[in-house]
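Structural description and commentary
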Amino acid sequence: MAPSFDNETSLFNFVVRDGYGVKGIVDSGIPTVPRAYIQPPAEQINKNNATICEIPPIDLSKLDGPEHGQVAKQIVRAAETLGFFQVVNHGVPIELLESLKLTAHNFFGLPAERKAVYRKEVSPSPLVKYGTSFVPEKERALEWKDYISMAYTNDDEALQQWPVECRGDALQYLKTSHQMVTKLLEALLGNLGVELDDSNIDVFIGKKMVNMNFYPTCPNPELTVGVGRHSDMGTLTILLQDGIGGLYVKVPEDSDMKNKGEWVEIPPIPGAIVINVGDMLQIWSNGKYKSAEHRVRTTSTKSRVSIPIFVSPQATQKIAPFPQVVEKDGVARYKEFVFADYMNSFFGNAHDGKKSLEFAKAN
């Protein structure tokens with residue numbers, strides 16, 4: 001029998017401590033969203049007010065031909081304006097993308113006790129964490145999402161320690177996307193006067209993680225959110241979304257795009273992968289590139305999955321704006337810090353737009 005979800009302690013224990021997640025709430029047959037998930041009106045997402053982002057996807061295969069310069073400019077322009085773009089002909093097999101979505105649904109369809117073994121407090125591996133919401137202990141309202149997070153160290157450890165139900169596809173996704181990530185970074189860093197090569201690539205993508213996110217059907221999507229407003233802390237995020245939609249990005253106030261300050265929906269494009277700029281790229285570029293503030297809506301019709309790869313610096317990496325960019329700009333907008341300290345700040349707070357960047361602001 002499902003616990004009383006009006007009691008916030010019993011709800012928290014059921015969802016977080018016992019590992020049932022949001023899926024457990026939905027499976028219990030609740031008719032309405034529990035109070036703990038109801039967002040303040042300012043955070044609720046009105047689907048009817050959203051504009052669809054109509055920027056066409058970038059064809060990455062053209063980076064290898066005579067149009068290289070033109071395509072590199074498109075990538076740079078996207079990073080400077082919205083911080084979000086979609087790519088096609090990216091080198092990740094389409095059949096793998098389809099398989100990943102099924103794998104994610106299958107994993108979250110497992111009995112709660114099979115998933116709960118990977119809860120942070122009890123996980124047999126420091127590389128694997130199963131959880132719900134973002135930082136439930138710190139949130140005024142919980143997010144309507146469950147996830148499994150798999151950190152990458154090397155192939156052997158991934159194949160031994162990641163969950164057997166998803167390790168094969170997740171590792172292939174990570175490996176087949178590496179060339180795409182490298183090409184994107186070559187274009188973005190090259191524009192800042194930094195050459196990417198084997199000697200410095202780990203500075204930018206030394207830490208890699210694959211997540212599978214699950215957004216169960218929701219009885220009142222207008223009252224809650226799948227993920228609250230935030231930017232990603234790393235270098236780049238590579239995101240596979242399914243065909244259901246619900247990903248929204250905020251057009252920066254200082255952008256020269258129309259709709260500035262408004263939320264636009266990133267529509268699912270079959271076979272495309274979504275790329276978004278993380279906070280570290282914004283900092284290295286001294287604010288030239290924009291880490292994208294984004295959020296996710298829930299839906300009442302179908303459960304949604306998304307599968308991001310987060311690439312970041314290693315924890316010990318020192319981060320600061322590139323000297324050649326600072327010289328050009330005449331001012332450093334961000335201070336130097338160690339990435340581990342930024343991570344601790346990021347995960348120590350609930351989602352709150354781009355507030356995470358305040359940690360790095362120059363005094």
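Please read these numbers as outputs of a predicted model, since none were measured by experiment.

Let us now look at the packing of aromatic side chains. Here the structure, examined in full by the defined rule, presents ten aromatic pairs. Judged by centre distance (6.4 Å) and plane angle (70 degrees), the ring pair of Tyr152 and Trp162 falls under edge-to-face. Within this pair, whereas Tyr152 is found in strand 5 (residues 146-152), its partner Trp162 is found in the loop between helix 6 (155-161) and helix 7 (167-176), the two being separated by ten residues in sequence. A residue is classified by how much of its surface remains accessible, and Tyr152, at 22% relative accessible area, is partly exposed. Consider the rings of Phe337 and Tyr342, whose centres lie 5.5 Å apart with planes at 25 degrees: the pair is stacked. In this structure, Phe337 and Tyr342 share a single accessibility class: buried. Of the aromatic side chains, those joined through ring pairs into one cluster are Phe107, Phe108 and Phe214. Here Arg295 stacks its cationic end above the ring of Trp263, 4.1 Å away from the centre of that ring. Here the guanidinium or amino end of Lys335 rests over the ring plane of Phe359, the centre of that ring lying 5.0 Å away.

Relative to the elements of secondary structure, Asp202 occurs in helix 9 (residues 201-205). Here Asp202 falls in the partly exposed class, since its relative accessible area comes to 41%. Considering only alpha carbons, one finds Asp202 and Gln317, 115 residues apart in sequence, at a separation of 9.2 Å. Filtering out sequence-adjacent residues up to four positions away, Asp202 remains in contact with Pro313 and Gln314.

Turning our eyes to something else, we now look at a negative patch on the surface. A contiguous patch of negative charge on the surface is contributed by Glu186, Glu195, Asp197 and Asp198. Among the secondary structure elements, Glu186 is positioned in helix 8 (residues 178-190). Residue Glu186 is classed as partly exposed on the basis of its relative accessible area of 42%.

Checked against the element boundaries, Thr299 lands in the loop between strand 12 (294-296) and strand 13 (304-312). Within the structure, the side chain of Thr299 is placed 2.9 Å from the side chain of Thr301, a separation counted as a polar contact.

What follows concerns the nonpolar core. Counting residues in each nonpolar core, the largest one holds 76 residues, and the members touching the most others are Ile75, Trp162, Tyr173, Met212 and Ile238. With seven residues, the top contributor of residues to this core is helix 8. Non-local contacts of Trp162, meaning those with residues more than four positions away in its chain, are made with Leu127, Val128, Met150, Ala151, Tyr152, Glu157, Arg167, Ala170, Leu171, Leu174 and Val210. Counting 15 residues, the second largest nonpolar core, distinct from the first, contains Cys53, Val251, Val264 and Ile266.

Evaluated as defined, the whole model comprises ten salt bridges. For Arg229, the salt bridge goes to Glu293, with nearest N and O atoms at 3.1 Å. Of this pair, Arg229 sits in strand 7 (residues 227-230) while Glu293 sits in the loop between helix 10 (279-284) and strand 12; the two residues are 64 residues apart in sequence, bridging distant segments of the chain. Like Arg229, the residue Glu293 is buried in the burial classification. With a shortest N-O distance of 3.4 Å, Asp329 and Arg333 are connected by a salt bridge.

Moving on to the pairing of strand 11 (residues 273-277). A large share of strand 11 lies buried, amounting to five of its five residues. With four bridges joining them, strand 3 (residues 84-88) and strand 11 adopt antiparallel strand pairing. Bridge pairing in strand 11 places Val87 opposite Ile273. The pairing of strand 8 (residues 236-241) with strand 11 spans four bridges and is antiparallel. Bridged to Ile238 within strand 11 is Ile275.

Following the sequence through the fold, Thr103 ends up in helix 4 (residues 94-108). Note on Thr103: relative accessible area 10%, which makes it buried. Residues contacting Thr103, with those up to four places away along its chain left out, are Glu165, Cys166, Asp169 and Met212.

Okay, the sheet that holds strand 12 next. Taken together, the five strands give an open sheet; going across it, the order is 1-10-9-12-7, and neighbouring strands pair in mixed fashion. Strand pairing shows two members of the sheet lacking a second neighbour, strand 1 (51-52) and strand 7, which therefore form its edges. Where strand 9 (residues 247-250) lies against strand 10 (residues 263-265), three bridges are found, and the strand directions are antiparallel. By the bridge assignment, Val249 is partnered in strand 10 with Val264.

With that settled, consider the UniProt feature "domain: Fe2OG dioxygenase" (unreviewed entry) in the protein chain. In the numbering used here, UniProt assigns the "domain: Fe2OG dioxygenase" (unreviewed entry) feature to residues 200-313. Measuring from the first to the last C-alpha atom of residues 200-313 gives 11 Å, for a span that is 10% helix and 38% strand.

Rules used throughout
Think of each chain on its own: its residues are numbered from 1, step by step along the sequence as written. Since the coordinates come from a predicted model, pLDDT governs what is reported: local features require at least 70, and pairs of side-chain atoms require 80 or more to be given and counted, while whole-chain, interface and lining totals use all residues. With hydrogens and water stripped out, all remaining heavy atoms of the structure feed into the side-chain values. Stacked, edge-to-face and tilted labels apply to pairs of Phe, Tyr and Trp rings (six-membered ring for Trp) whose centres lie within 6.5 Å, assigned for plane angles under 30 degrees, over 60, and everything in between, in that order. Only DSSP runs of H or I with at least four residues qualify as helices, and only runs of E with at least two residues qualify as strands; both kinds are numbered from the N terminus onward. A simple rule labels every residue: compare its accessible area, found with a 1.4 Å probe on the protein chains alone, to the largest value its type can have, and call it buried under 20%, exposed over 50%, or partly exposed in between. Should the NZ of a Lys or the CZ of an Arg lie within 6 Å of a ring centre and within 35 degrees of the ring normal, that charge is described as sitting over the ring. Here a residue-residue contact requires only that any non-hydrogen atoms of the pair lie within 4.5 Å. For patch detection, residues must exceed 30% relative accessible area and be free of salt bridges, and they are connected within 9 Å for like charges or within 5 Å for nonpolar side chains (Val, Leu, Ile, Met, Phe, Trp, Tyr). Values of accessible area rely on a 1.4 Å probe in the Shrake-Rupley scheme; residue burial ignores everything except the protein chains shown. By salt bridge we mean one thing: a side-chain nitrogen of Lys or Arg within 4 Å of a carboxyl oxygen of Asp or Glu. When charges are counted, Lys and Arg are positive and Asp and Glu negative, with His and the chain ends excluded. Lys charges are placed at NZ, Arg charges at CZ, Asp charges at CG and Glu charges at CD. Under this definition, polar contacts are N or O atom pairs within 3.5 Å; protein pairs additionally need one hydrogen-donor-capable and one acceptor-capable atom, and for neighbouring residues in sequence, both atoms have to be side-chain atoms. We define a nonpolar core as any set of buried Ala, Val, Leu, Ile, Met, Phe, Trp, Tyr and Cys residues linked to one another through side-chain atoms lying within 4.5 Å. Between any two strands, at least two bridges found by DSSP are needed for them to pair. UniProt positions are given in the numbering used here, feature names are shortened, and annotations may be inferred rather than shown by experiment.

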